[in-house]
Amino acid sequence: MPTSDQKINLSRYQIIPRVLIFALQSDAVLLMKLLPRNGVVTNWTGQYNGPGGHVERGEDLLTAAKRELLEETGLTADISLCGTILVDTTQAVGIGLFIFRAEEVSGQLVKSQEGIPEWIPFDRVGEYPLVEDVAIFLERIRQMKRGDPPFSGRSYYDENDRLTVIFS
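Attention in this report is confined to the structure presented alongside it.

## A few points about helix H1 (residues 61-73)
If you check H1, its first and last C-alpha atoms are 18 Å apart, about what 13 residues at 1.5 Å a residue would give, namely 18 Å. If you check which residues of H1 are buried, you get Ala 64, Ala 65, Arg 67, Glu 68, Leu 69, Glu 72 and Thr 73. Close packing links the buried residues of H1 with strand E1 (14-24), strand E2 (28-34), strand E4 (52-54), strand E5 (75-87), strand E6 (93-107) and strand E7 (115-121). You can read the cap of H1 off the contacts: a side-chain oxygen lies 3.0 Å from the backbone nitrogen of Leu 62, and it is on Asp 60. With its phi angle positive at about 80°, Gly 74 sits one or two positions after the end of H1.

## Description of the packing of aromatic side chains
One pass over the full model with this rule turns up two aromatic pairs. When the centroid spacing of 5.0 Å and the interplanar angle of 80° are considered together, the rings of Tyr 48 and Tyr 128 count as edge-to-face. Here the residue Tyr 48 occupies a position in strand E3 (residues 48-49), and Tyr 128 occupies one in the loop between E7 and helix H2 (134-143), the gap between them amounting to 80 residues. Note on accessibility: Tyr 48 and Tyr 128 belong to one class, buried. An angle of 90° between the planes, with centres 5.3 Å apart, marks the rings of Phe 151 and Phe 167 as edge-to-face. With Phe 151 in strand E8 (residues 151-157) and Phe 167 in strand E9 (residues 163-167), this residue pair connects regions lying 16 residues apart in the sequence. Taking the relative accessible area as the measure of exposure, Phe 151 reaches 5% and is therefore buried. Of note, Arg 140 hangs over the ring of Phe 167, and the distance from its end group to the ring centre comes to 4.3 Å. Of note, Arg 142 hangs over the ring of Phe 122, and the distance from its end group to the ring centre comes to 3.6 Å.

## Quick look at the nonpolar core
Note on soluble globular proteins: their nonpolar side chains tend to be buried together. Of all hydrophobic cores here, the largest spans 25 residues; its most connected members are Phe 22, Val 29, Leu 31, Ile 99 and Phe 137. Only E1, E2, E5, E6 and H2 provide two or more residues apiece to this core. The residues contacting Ile 99, other than those within four sequence positions of it, are Leu 20, Phe 22, Ser 80, Leu 81, Cys 82, Gly 83, Ile 85, Phe 137, Ile 141 and Phe 151.

About the thresholds
- Residues numbered from 1 in each chain as written.
- Predicted model: local features only at pLDDT ≥ 70, side-chain atom pairs only at ≥ 80, totals over all residues.
- Heavy atoms only, no water.
- Helix = DSSP H or I, 4+ residues; strand = E, 2+ residues; numbered from the N terminus.
- Expected span 1.5 Å × (residues − 1).
- Buried < 20%, exposed > 50% of the residue type's maximum accessible area, 1.4 Å probe, protein only.
- Contact = heavy atoms within 4.5 Å.
- Polar contact = N/O pair within 3.5 Å; in protein donor to acceptor, adjacent residues only side chain to side chain.
- Phe/Tyr/Trp six-rings, centres within 6.5 Å; stacked < 30°, edge-to-face > 60°.
- Lys NZ or Arg CZ within 6 Å of the ring centre and 35° of its normal.
- Core = buried A, V, L, I, M, F, W, Y, C linked by side-chain atoms within 4.5 Å.

Written out as structure tokens, the structure is:
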């Protein structure tokens, strides 16, 4: 369908696509200790998240996930889509979060401007300061078997400023 037929209406809800990758080994997950962005400390500085970021114009989701994993960690892997989450920002533009699982990882870990990648044993993940939704997504991914369909859900903060994640 040509662009002219897409019926783009800027008053409708829009999303910004982002990818999040959880690289898994038998007993550990790769997480990033987030560094200040351009020298600026954010709410996430010092917390742990999976590698990931924005999808660039002209990229598909898988290409973006592979690029982000390589840029942020120095690693390559067999990557597959695990799920999608619509993040309600309470604004006209939300976040479309595409969550990937990375297996058969190869390469040498490198620090990037985003953070310091670390393999963290699953039995110790709870000891680390995680970005708020990481534990929820990681638990869901670990329950999945190879070949399971991707999950779908949404996340938002309720009236008491508590994160809520609902899976369909």
